[in-house]
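Each chain is listed here by its residues.
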Amino acid sequence: MKLTSDQIDVYRRDGVVPIGKVLDEAAVAEAKERIEALRQRDLLDNPAEQIGKKSFRLLNVSSFDEWFKSIINNDNLLDAAESVLGPNVQLFQDNIFWKPPKQGAPSTWHQDNIWWAGDPPNMLTIWIALDDADASNGGVHYIPGSQTKLLEGELDLDDPNAYSHKLLSDDQVDGSRAISFTVPAGHAVMHHCQTIHGAPPNQSDRSRCGYTVHLQEAGLRGKDVTNCPLLRGKMP
Ligand SMILES: O=C(O)CCC(=O)C(=O)O
């Protein structure tokens, strides 16, 4: 599922674009069962614990359950990624962000490339909804156009939301410009590694689980990715 030229234009302009359905119902159900099994093995952490909320998270999911590699290697994802990264596509990471009903924690505004250090910043995220997601159940919000500049991260220890590192402060981000999408389960949104994004708390009575696949132009300077598989094309 290559992106259309209109979708590529939106990605280049806004740093974020919905890419439609990438997983069928059976794959969504299987992913959720496997996440529950990982949770029962106590593999998901809760970085929001200190603010009394839950944000179940697992980094590098496919290294714990190989089935997730079938999602990563799904042509719907790789064709879309290739449309903007070019022919050589390498996995960077795949993660789970699960916000349960009523107690799901916010995700504070951030730019992924502050951690990832991709140079040039030709990296992206495909955020796949495993539950129907929208603004009312903690759907991810994005600041369009923010991908053009990497801001200095700031960690405010007095901020109750500062459960992670290198987050952006509110005065660095004009939240009134944020956009979000209605993302049915199995559909996905792609964002650039410098697009500012975050999510409000999940105060609804619906679960909000997202599975993220982070991909990069193969061989990019940045973090050590020697153990990250090449998914398309060749290493430069
Ligand atoms: O799902 C979330 O709330 C955060 C996701 C995120 O930060 C990401 O996809 O990079």
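Residues numbered from 1 in each chain as written. Predicted model: local features only at pLDDT ≥ 70, side-chain atom pairs only at ≥ 80, totals over all residues.

**Description of the site of the ligand**
Argument step 1. Within the structure, the ligand sits among Phe97, Ser107, Asp112, Thr125, Trp127, Val140, His197, Ala199, Gly210 and Thr212.
Argument step 2. For the shell around the ligand, the secondary-structure elements that each account for two or more residues are β5 (123–129), β9 (197–199) and β10 (208–217).
Argument step 3. For the shell around the ligand, a count of residues per class yields 4 nonpolar, 5 polar and 1 charged. (Near = placed C-beta within 6 Å. Helix = DSSP H or I, 4+ residues; strand = E, 2+ residues; numbered from the N terminus. Nonpolar A, V, L, I, M, F, W, Y, C, P; charged D, E, K, R; others polar.)

**Notes on the environment of glutamate 25**
Argument step 1. Counting through the fold element by element, glutamate 25 comes out in helix α2 (residues 25–40).
Argument step 2. For glutamate 25 and lysine 149, which are 124 residues apart along the polypeptide, the C-alpha to C-alpha distance reads 37 Å.

**Observations regarding the pairing of strand β3 (residues 89–99)**
Argument step 1. Within β3, 10 of the 11 residues are buried, leaving the element largely enclosed by the surrounding structure.
Argument step 2. Where strand β2 (residues 56–59) meets β3, 4 bridges bridge the pair, whose relative direction is antiparallel. Each bridged residue has a counterpart across the sheet, and for phenylalanine 56 the counterpart in β3 is tryptophan 98.
Argument step 3. Where β3 meets strand β11 (residues 230–232), 2 bridges bridge the pair, whose relative direction is antiparallel. For glutamine 90, the partnering residue across the bridge sits in β11 and is leucine 230.
Argument step 4. With 10 bridges joining them, β3 and β10 adopt antiparallel strand pairing. Bridging across to β10, leucine 91 finds its partner in leucine 215. (Buried ≥ 20, exposed ≤ 12 C-beta atoms within 10 Å, placed from the backbone. Pairing = 2+ DSSP bridges.)

**Some words on α2**
Argument step 1. With 16 residues, α2 ought to run about 22 Å at 1.5 Å a step, and its terminal C-alpha atoms sit 23 Å apart, in line with that.
Argument step 2. Residues Val28, Ala31 and Ile35 constitute the buried set of α2. Angular distribution of buried residues about the axis of α2 spans 60°; they occupy a single face of the element. Those residues of α2 that are exposed and angled more than 90 degrees off the buried face are Glu25, Ala26, Glu33, Ala37 and Gln40.
Argument step 3. The inward-facing, buried residues of α2 abut α3 (68–72), β3 and β10.
Argument step 4. A positive phi of about 65° marks aspartate 42, the residue just after α2. (Expected span 1.5 Å × (residues − 1). Arc of directions from axis to C-beta. Contact = placed C-beta atoms within 7 Å.)

**Let's talk about the pairing of strand β8 (residues 187–192)**
Argument step 1. Burial within β8 is extensive, with 6 of its 6 residues counted as buried.
Argument step 2. Burial along β8 is two-sided: His187, Val189 and His191 facing one way and Ala188, Met190 and His192 facing the other are all buried.
Argument step 3. Bridge analysis of strand β1 (residues 16–21) against β8 gives 5 bridges, and the strand direction is antiparallel. Considered in β8, the bridge of lysine 21 is made with histidine 187.

**Concerning helix α4 (residues 75–85)**
Argument step 1. Among the residues of α4, Asn76, Leu77, Leu78, Ala80, Ala81, Glu82 and Leu85 are the ones counted as buried.
Argument step 2. One or two residues past the end of α4 sits glycine 86, with phi positive at roughly 100°.

**Focus: the sheet that holds strand β6 (residues 141–142)**
Argument step 1. The strand order β4-β9-β6-β7 describes an open sheet built from 4 strands, whose pairing is antiparallel. Single-partner strands in this sheet number two, and they are β4 (107–110) and β7 (179–180).
Argument step 2. Summarising the sheet, β4 and β9 pair through 2 bridges and their orientation is antiparallel. Looking across to β9, one finds that serine 107 is bridged to alanine 199.

**Examining the nonpolar core**
Argument step 1. The biggest cluster of nonpolar side chains holds 56 residues, and the ones touching the most others in it are Ala81, Ile96, Ile126, Ile128, Met190 and Leu215.
Argument step 2. Every residue in contact with isoleucine 126, bar those within four places of it in the chain, is listed here: Leu77, Ala80, Ala81, Ala188, Met190, Thr212 and Val213. (Core = buried A, V, L, I, M, F, W, Y, C linked by C-beta atoms within 7 Å.)

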